[in-house]
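Summary of structural features
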Amino acid sequence: MVRLNINKEDVEVDVSPDTPLLWVLRDNLNLTGTKFACGIGQCGACTVLMQGKPVRSCMTTAAEAQRFDIITIEGLSSDASHPVQVAFIEEDVPQCGYCQSGQVMTAVALLNEKSNPTDEEINQAMTNICRCGTYSKIRSAIKKVALGRGET
Amino acid sequence: MDLTRRDFLKVSSTSAGGLAIAFTIPSLATVRPYKMASVTNSEISAWLVIEPDESVIIRVAQAEMGQGVMTSMPMLIAEELEADWRKVKVEYADVNRQVLLSGIYGRMQTRDSDAVQLSRETLQLVGAEARERLIKAAAETWTVDPEDCYADYGRIFRSGSSESLSFGEVAGLASQVSVANVKIKTPEAFNLLGLATPRLDVPAKVDGSAIYSMDVRLPDMLYAAVVHSPVLGGTVKSLRFNAIRHMPGVVKAVRMESAIGVVADTFWRAKSAADELPVFWNLGEQGKTFTDTIKRDFFEEFSGAGEVMLSKGKIGYLMDHAERTIESDYFVPYLAQVPMEPLNCTVHVQDSKVDVWVGHQDPEGIVDAVSRLTGKAPHDIYVHNCFLGGSFGRRSHMDFVIEATRIAMEVDRPVQMIWTREEELRSGAYRPMSAMRFKAGFDIDKQLIALSNHSVTHSIRYDQDKSFQGIDDSSVEGLRNHPYSLPAYEFTHTRKNTHLTSWWWRSGGHSINAFAMECFVDEMAGAAGVDPIAYRRQMLADKPEYLDVLDVLEQESGWGKRNLPRGTAMGMAIHKSYGTVCGQVAEVTVDNGEVTINRVTVAIDCGNLVNPMTAEEQVEGSVLFGLSAALYGKLTVENGRILEDNLDTYGILRMHETPEIDIHWALSGADKWGGLGEPATPVIAPAVCNALYKITGRRIRSLPITDYYLQVR
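Residues numbered from 1 in each chain as written. Chains lettered and ligands numbered in written order. Predicted model: local features only at pLDDT ≥ 70, side-chain atom pairs only at ≥ 80, totals over all residues.

**Focus: the sheet that holds strand 3 (residues 56-60) of chain B**
Residue and element names in this part refer to chain B. Applied cut-off: Should DSSP find at least two bridges between two strands, the strands are regarded as paired. Segments assigned H or I by DSSP are reported as helices when at least four residues long, segments assigned E as strands when at least two residues long, and all are numbered from the N terminus. For helices, the fitted line uses only the C-alpha atoms of the stretch in contact; every axis is such a line through C-alpha atoms, and the angle between N-to-C directions lies from 0 to 180 degrees. Residue pairs qualify as contacts under a 7 Å threshold applied to their C-beta atoms, which are placed from the backbone.
The strand order across the open sheet built from four strands is 1-2-3-4, with neighbouring strands paired in mixed fashion. Edge positions in the sheet fall to strand 1 (43-45) and strand 4 (88-92), since each has one partner strand and no second. Taken pair by pair, the neighbouring strands of this sheet meet at an average axis angle of 25°, ignoring direction. With two bridges connecting them, strand 1 and strand 2 (residues 48-50) associate as antiparallel partners. Within the sheet, the bridge partner assigned to serine 45 lies in strand 2 and is leucine 48. Sheet contacts for helix 2 (residues 69-81): strand 2, strand 3 and strand 4; angle to strand 3, the most-contacted strand, approximately 120°.

**A word on the pairing of strand 23 (residues 580-591) of chain B**
Residues and elements named next belong to chain B. Quick reminder of the rule: The exposure label follows from counting other C-beta atoms within 10 Å of a residue's C-beta, where the C-beta atoms are placed from the backbone and the thresholds are 20 or more for buried and 12 or fewer for exposed, leaving partly exposed in between.
Across the twelve residues of strand 23, ten count as buried, placing the element largely inside the fold. Across ten bridges, the pairing between strand 22 (residues 568-577) and strand 23 is antiparallel. Residue pairing for strand 23: threonine 568 is matched across the bridge by threonine 589. Between strand 22 and strand 23, which pair antiparallel one after the other, the connecting turn spans two residues, and tyrosine 578 there sits at a positive phi close to 55°. Taken together, the eleven bridges between strand 23 and strand 24 (residues 594-605) define a ladder with antiparallel strand orientation. When the bridges of strand 24 are listed, valine 590 appears paired with valine 595. Counted along the chain from strand 23 to the antiparallel partner strand 24, the turn is two residues long, and its residue asparagine 592 has a positive phi close to 55°.

**Considerations on the sheet that holds strand 27 (residues 660-665) of chain B**
Residues and elements named next belong to chain B. With mixed pairing, the four strands of this open sheet are ordered in space as 22-23-24-27. Across the chains shown, the open sheet's two edge strands, defined by having one partner strand only, are strand 22 and strand 27. For this sheet, the mean angle separating the axes of adjacent strands, direction not counted, is 20°. Sheet strands touched by helix 19 (residues 681-696): strand 22, strand 23 and strand 24. Its angle to strand 22, the strand with the most contacts, is close to 150°.

**Looking at unusual backbone geometry**
Residue and element names in this part refer to chain B. In this structure, the amide linkage connecting leucine 703 to the following residue, proline 704, adopts the cis form with an omega of 5°. Inspection of the secondary structure puts proline 704 in the segment after helix 19. A positive phi angle is found at alanine 429, which is not glycine, with a value near 60°. Of note, alanine 429 is situated in the loop between helix 12 (421-425) and strand 19 (434-442).

**Examining the domain arrangement of chain B**
Residues and elements named next belong to chain B. Threshold: Note that domain bounds follow an automatic or database assignment of domains. Gly is put with the polar residues, along with every residue not named as nonpolar or charged; the nonpolar set is Ala, Val, Leu, Ile, Met, Phe, Trp, Tyr, Cys and Pro, and the charged set is Asp, Glu, Lys and Arg.
When cut into domains, chain B gives domain 1 (5-206), domain 2 (213-284 + 343-418) and domain 3 (291-334 + 430-707). Counting from both sides, the interface comprises 18 residues of domain 1 and, opposite them, 24 residues of domain 2. Sort the elements by how many residues they give to the side of domain 1 that touches domain 2 and helix 3 (residues 95-100) lands first, with five residues. Considering only residue class, the side of domain 1 that touches domain 2 consists of eleven nonpolar, five polar and two charged.

**Here's the deal with helix 16 (residues 532-539) of chain B**
Residue and element names in this part refer to chain B. Just so we agree on the cut-off: Here the arc refers to the set of directions running from the helix axis out to each C-beta atom.
Considered for burial, the residues of helix 16 that qualify are Pro532, Tyr535 and Arg536. Along the axis of helix 16, the buried residues cluster in a sector spanning 95°; they form a single face. Contacts from the buried residues of helix 16 go to helix 15 (508-528), helix 17 (544-557), strand 22 and helix 19.

**A look at the domain arrangement of chain A**
Reports often express the size of an interface as the amount of accessible area lost when the parts come together. Residues and elements named next belong to chain A. Domains assigned within chain A are domain 1 (2-75) and domain 2 (83-151). When each unit is reduced to the centre of its C-alpha atoms, the spacing between domain 1 and domain 2 is 21 Å. Every contact between the two is made by 15 residues of domain 1 and, on the other side, 13 residues of domain 2. Elements supplying a minimum of two residues to the side of domain 1 that touches domain 2: strand 3 (47-50) and strand 4 (53-56). Looking at which element gives the most residues to the side of domain 1 that touches domain 2, the answer is strand 3, with three residues. For the side of domain 1 that touches domain 2, the per-class residue count stands at eight nonpolar, five polar and two charged.

Right under this line is the structure:
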């Protein structure tokens, strides 16, 4: 049994402690918004927030995740209303969309840390792969959020 | 599967409570089980439902893989319908209905960037016919002449009256009336077409609620991981299931000819057991091959004659008498498509029917394949297409669907089979390898007198049909129909297959042939001492569609007009594919062996645009797809095995390497509705390589670029 805190709720799952968090989320908890794409921490499609920091859930075991608060794409908002999601919608970012949960989560973590990131800081944080090539729109969406914050 | 906006909202609102859905199998609202689409009062046609609440549900026959068909196809109907776009919802057309009603949706296969070309007129007529029926229904309600009524923004109006009826109010009657001689609009009358329109599938794709086939969850569902022969063509000699039988959750192992499926209660348990499963393989002679030996075999074909496909003039004589000749060999490796979502498919084989949940470009092909495998009638095969997490050609192959079905045939519950990225990259279906030899002869005035080309390419068709003879069109597309006016020429081709298997890859043979052709045309321009754009203009003098694109490209890129620092240069290329002419200028910098693409200027003519927003997205994405391949793309064979088996070794461009991309439409209008999902892909590699030549003095004739160490000359 592994005890986890996912999206502000305590849950117990019957998995071996070395099971990657990704597969606990997807197969045991049916939180399928977090995606499998490489399984080796390269692409970031499986990114979730652990204590607010972006982690690749395919490289994080259930045991490691036990002590921390985990937020998945499903826990970000109930209606795509998080400012980063709104900006992604307004910029019409996704194409196939498969990497976008991870992109959104990574962008959320970046903007939590740096309210107005430079292009270089965006490059360093946004290492997620998008095979469709939506990078310029992801960048615009991040800047849009930063700009929105500056005004308020 | 149903993909209406209403369901998107339903999905996100059920996830409102965070983990509220986490401990139950999610409701089937997200993955609707098949039900025969009944002809209800509100169904105007097989394509279109207008609900009493004014929702306009438009059915899409093509697969949404990121290219935006779930927005562009409905726009074609909504334009003619005079619908209120905000009321439009979208769902996939029912494949089973297509089977039962023999092709009611036309071709459901998505390929060749031709969704708009193929369906435009049909969908416009669907919208126009529905509009006329709504008008007629309203006119009957008012007992007036339909000629005095018109539709606008989701309502029917009466000329000279303030009366109006909503679509929803007359939809029931409209489904029963008939109309004739329906006409579609001329482009000047378009309100919606040509307007940058946000994609309808975006909200569900930023909150995790969009359902890809890997997200399908069914009661009692099992998972399967697969181990393929490490060498393509290898077969299973034996396996020891007893070694994994005791592992948690393991249900069974399904032995296939060259793969084993391991079935368990979760995917991770299936994969963990598959990793431990002892399997012994017959690898055969193909287990002794290397990239270098395969490549050598391709180049050896140049000593043979090849099959002539284009010829004019006495090439041998002209080359012998040329003042100067240049000869160059080009080469491209096998490549993988690498859609973000690894290949997967969920199948439930039951006594009376088979359900298949998959993201696929060819749902009708699945009906055939699964029907043949299971012996069930085509109308008992229910294909539930999902969003495709990328495809780039890979999700038109049947291999993974067939494997999932074979596993499911051994299990009495639904099974979701997932290939890990490693299994996918080892599974074949690669963009073909090709080698090409060009030779050009010039006279004393540096005028081209003859060009010869011999291409040697792995044939996709031969992989599918070993009795295939002759030249595979897909191997020579863009080469056999090159646009250049040449005084004399000979183009020959040799088919060359290996133990690897090949398949479609975004822009197919164009990606191979445009690279070699456009690089060699640059070499010819250099030999003639003429600017590359000016040189192409000379050879394209009778092709206005290319000249117009070249004009825009030259002007917008600042070609020849900008002072670029040492180590930076521009290169260009132009190519037509899928009915669209695309020219690109790449501004490239080389610094300490590092290649940076600063900017790409694109000039492109697809004739007309349905949705400029998705159109730009496609062009930008196509450039980056081609750029990843140009810089990093290769599959290396060692002892018959593919070395690049995940994203740490198969390079894909990331954000920090992404150039600025300026897209300029050079639209020629008229009846031209060219494709946009692919035409920008083949052009970037030659544009970049031609820039690299200017910087380094070195011709890049073999991809990927990062195989070279480049220095500023």
